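Here is how the chains run, residue by residue.
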Amino acid sequence: LFRARANESSLGALLAGFFTRYATEFDVDKHVVSVREARLMPREEKVWGSSLTSAARKGRKADRHLFCIEDPFEVSHDLGRVMDSTSIVWVQDELA
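Residues numbered from 1 in each chain as written. Predicted model: local features only at pLDDT ≥ 70, side-chain atom pairs only at ≥ 80, totals over all residues. Heavy atoms only, no water.

Participant: Got a minute to help me understand the sheet that holds strand β2 (residues 39-42) in this structure?
Facilitator: In a beta sheet, neighbouring strands are held together by backbone hydrogen bonds and run either parallel or antiparallel to one another. Judged by pairing direction, the sheet is mixed, and its three strands sit side by side in the order β2-β1-β3 without closing on themselves. Of all the strands in the sheet, the pair left with one neighbour each is β2 and β3 (68-70). Mean inter-strand twist for the sheet, computed between neighbouring axes without regard to direction, equals 35°. For strand β1 (residues 31-34) and β3, the ladder comprises three bridges, and the chain directions are parallel. Considered in β3, the bridge of Ser-34 is made with Glu-70. (Pairing = 2+ DSSP bridges. Helix = DSSP H or I, 4+ residues; strand = E, 2+ residues; numbered from the N terminus. Axes fitted to C-alpha atoms, helices over the stretch in contact; angles between N-to-C directions.)

Participant: Explain the environment of Glu-25 to me, please; I cannot follow it from the model alone.
Facilitator: Following the sequence through the fold, Glu-25 ends up in helix α1 (residues 11-25). Taking relative accessible area as the criterion, Glu-25 reaches 46% and is therefore assigned partly exposed. For Glu-25 and Leu-40, which are 15 residues apart along the polypeptide, the C-alpha to C-alpha distance reads 9.5 Å. (Buried < 20%, exposed > 50% of the residue type's maximum accessible area, 1.4 Å probe, protein only.)

Participant: In this structure, what is going on with the packing of aromatic side chains? I would like to understand it.
Facilitator: Centre-to-centre distance and the angle between the planes together describe a pair of aromatic rings. Inspection of the entire model under this criterion finds one aromatic pair. Where Phe-26 meets Phe-67, the ring centres are 5.1 Å apart and the plane angle is 55°; that geometry is what we call tilted. Separated by 41 residues along the polypeptide, Phe-26 in the loop between α1 and β1 and Phe-67 in the loop between α2 (54-57) and β3 bring together distant segments of the chain. Residue Phe-26 shares its accessibility class with Phe-67, and that shared class is buried. (Phe/Tyr/Trp six-rings, centres within 6.5 Å; stacked < 30°, edge-to-face > 60°.)

Participant: Mind showing me how you'd approach the side chain of Lys-46 here?
Facilitator: Here Lys-46 shows up in the loop between β2 and α2. Other than its neighbours up to four places away in sequence, Lys-46 contacts Val-32, Met-41, Glu-70 and Val-75. (Contact = heavy atoms within 4.5 Å.)

As structure tokens, then:
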């Protein structure tokens, strides 16, 4: 049985770690954010492995998979699929 140990980090340290991780370690071309598994997951583990699905290549903007965030309740759903290249840069700049 897995037992998590108590987190002894301050809220400030956790927040700083969050910003550092997603501003410097997260590679949008290689990773999927998995809140459910508390890790960065390789894109190959999800069905959204390529930057664009066939629907997006047909011009349906909502089907892009540029910044992948796994929905923890519906794991086949990419919460970040609505982001475009401009919004990804904005998010990364804000986190830096």
